[in-house]
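Residues per chain are reported as follows:
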Amino acid sequence: MRNLGYKGEIISFEPMKSAFKKLKKNASNDSNWKVFNCSIGEKDGFTTINIAKNSVSSSLLDNLPQLTESEPMAEYITKETITIRKLDSVFEELNIYNKNIYLKIDTQGYEEMVLIGAENVLKYVKGIQIEMSFVPSYKGSIVFDEMKTILNNLGFHMLAFENGFYDKKTGIQLEIDGIFYKKIRD
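Residues numbered from 1 in each chain as written. Predicted model: local features only at pLDDT ≥ 70, side-chain atom pairs only at ≥ 80, totals over all residues. Heavy atoms only, no water.

K.L.:
In this structure, what is going on with the overall build of the protein? I would like to understand it.
P.N.:
On a plain count of helices and strands, the protein comes out with 5 helices and 9 strands. Along the chain direction, N to C, the helices and strands of the protein fall in the order β-α-β-β-β-α-β-α-β-α-β-α-β-β. Its C-alpha atoms give the protein a radius of gyration of 16 Å, within 12% of the compact-globule value 16 Å for 186 residues. Overall size of the protein, expressed as C-alpha extent along the three principal axes, is 45 × 40 × 35 Å. Accessible surface computed for the protein: about 11000 Å², of which carbon and sulfur atoms make up 52%. Within the protein, the 25 negative side-chain charges are centred at a point lying 6 Å from the centre of the 24 positive side-chain charges. (Helix = DSSP H or I, 4+ residues; strand = E, 2+ residues; numbered from the N terminus. Rg over C-alpha atoms; globule rule 2.2 N^0.38 Å. Areas by Shrake-Rupley, 256 points an atom, 1.4 Å probe, with all protein chains shown as cover. Lys, Arg positive; Asp, Glu negative; His and termini not counted. Charge placed at Lys NZ, Arg CZ, Asp CG, Glu CD.)

In structure tokens form, the structure reads like this:
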């Protein structure tokens, strides 16, 4: 975001200890970047994250064979107990009610749970960028059409998408990032 020229406030959540350490270091010289060592989801408490060899494929959900067939480095190698919080629970602490909020959700199949835990917060969110699967990579995750329907029902409408993960062997697009905004009045 900074490389694109954005100078406003950034709030990041990272649950894994090693990844959080890197995130905290990257944000350390930026007074407008707050970082939190927790996952965002549908509940407050503790849970277990599956850590992948490549780190970026780590998820609260079990992976499906399609994921490791298309990306062998997505294989899980260990687990870690992490803190999980609802966005609704942390919103008060953030004090961002009168801000222009753009919410980016990249939680490896757990996106629906993030939305469930953000029921009250979503009325303050103007835009959402969210990972959407055409082919599920994680057990219990939902696919593109289901996520689009959920977001539409919440008042968000698709504006654009960015290419995401694809199977390098077959060329099949597996995921994209959907970019949604609240409908602008006519």
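K.L.:
Explain the sheet that holds strand β3 (residues 39-41) here, please?
P.N.:
Where strands meet in a sheet, backbone hydrogen bonds hold them as pairs that are either parallel or antiparallel. One open sheet holds the 3 strands; their spatial order is β3-β5-β4, and the pairing between them is mixed. Each edge of the sheet is formed by a strand with only one pairing partner; in this case those strands are β3 and β4 (45-52). On average, each strand axis in the sheet is tilted by 50° relative to the strand beside it, whichever way the strands run. When β3 meets strand β5 (residues 76-86), the two strands line up parallel, connected through 3 bridges. Paired with S39 across the two strands is I84, which belongs to β5. Its contacts with the sheet place helix α3 (residues 87-94) against β3 and β5, and it is angled at close to 60° to β5. (Pairing = 2+ DSSP bridges. Axes fitted to C-alpha atoms, helices over the stretch in contact; angles between N-to-C directions. Contact = heavy atoms within 4.5 Å.)

K.L.:
Can you help me understand the sheet that holds strand β8 (residues 156-163) in this one?
P.N.:
Within the open sheet, the 4 strands sit side by side as β6-β7-β9-β8. Their pairing is mixed. Two strands in the sheet have a free side with no partner beyond their single neighbour: β6 (101-105) and β8. Within this sheet the neighbouring strands show an average axis-to-axis angle of 20°, counted without direction. Alignment of β8 against strand β9 (residues 175-182), held across 7 bridges, turns out to be antiparallel. Bridge assignment links M158 to a residue of β9, and that residue is F180. Sheet strands touched by helix α5 (residues 144-153): β7 (125-133), β8 and β9. Its angle to β7, the strand with the most contacts, is close to 165°.

K.L.:
Help me out: how do you make sense of unusual backbone geometry in this one?
P.N.:
Phi is mostly negative for residues that are not glycine, and the peptide bonds are mostly trans. Non-glycine residue S55 carries a positive phi angle of around 65°. Looking at the element boundaries, S55 is found in the loop between β4 and α2 (65-70). By relative accessible area, which is 30% here, S55 ends up partly exposed. Of note in the backbone geometry, N95 takes a positive phi value of approximately 50° without being a glycine. By secondary structure assignment, the location of N95 is in the loop between α3 and β6. (Buried < 20%, exposed > 50% of the residue type's maximum accessible area, 1.4 Å probe, protein only.)

K.L.:
Help me out: how do you make sense of the packing of aromatic side chains in this one?
P.N.:
Overall, the coordinates contain 6 aromatic pairs when judged by the stated rule. Pairing Y102 with Y181 gives two aromatic rings, centres 6.0 Å apart and planes at 35°, and the pair type is tilted. Placement of Y102 in strand β6 and of Y181 in strand β9 is noted, with a sequence separation of 79 residues between them. The class of Y102 is partly exposed, set by a relative accessible area of 33%. (Phe/Tyr/Trp six-rings, centres within 6.5 Å; stacked < 30°, edge-to-face > 60°.)

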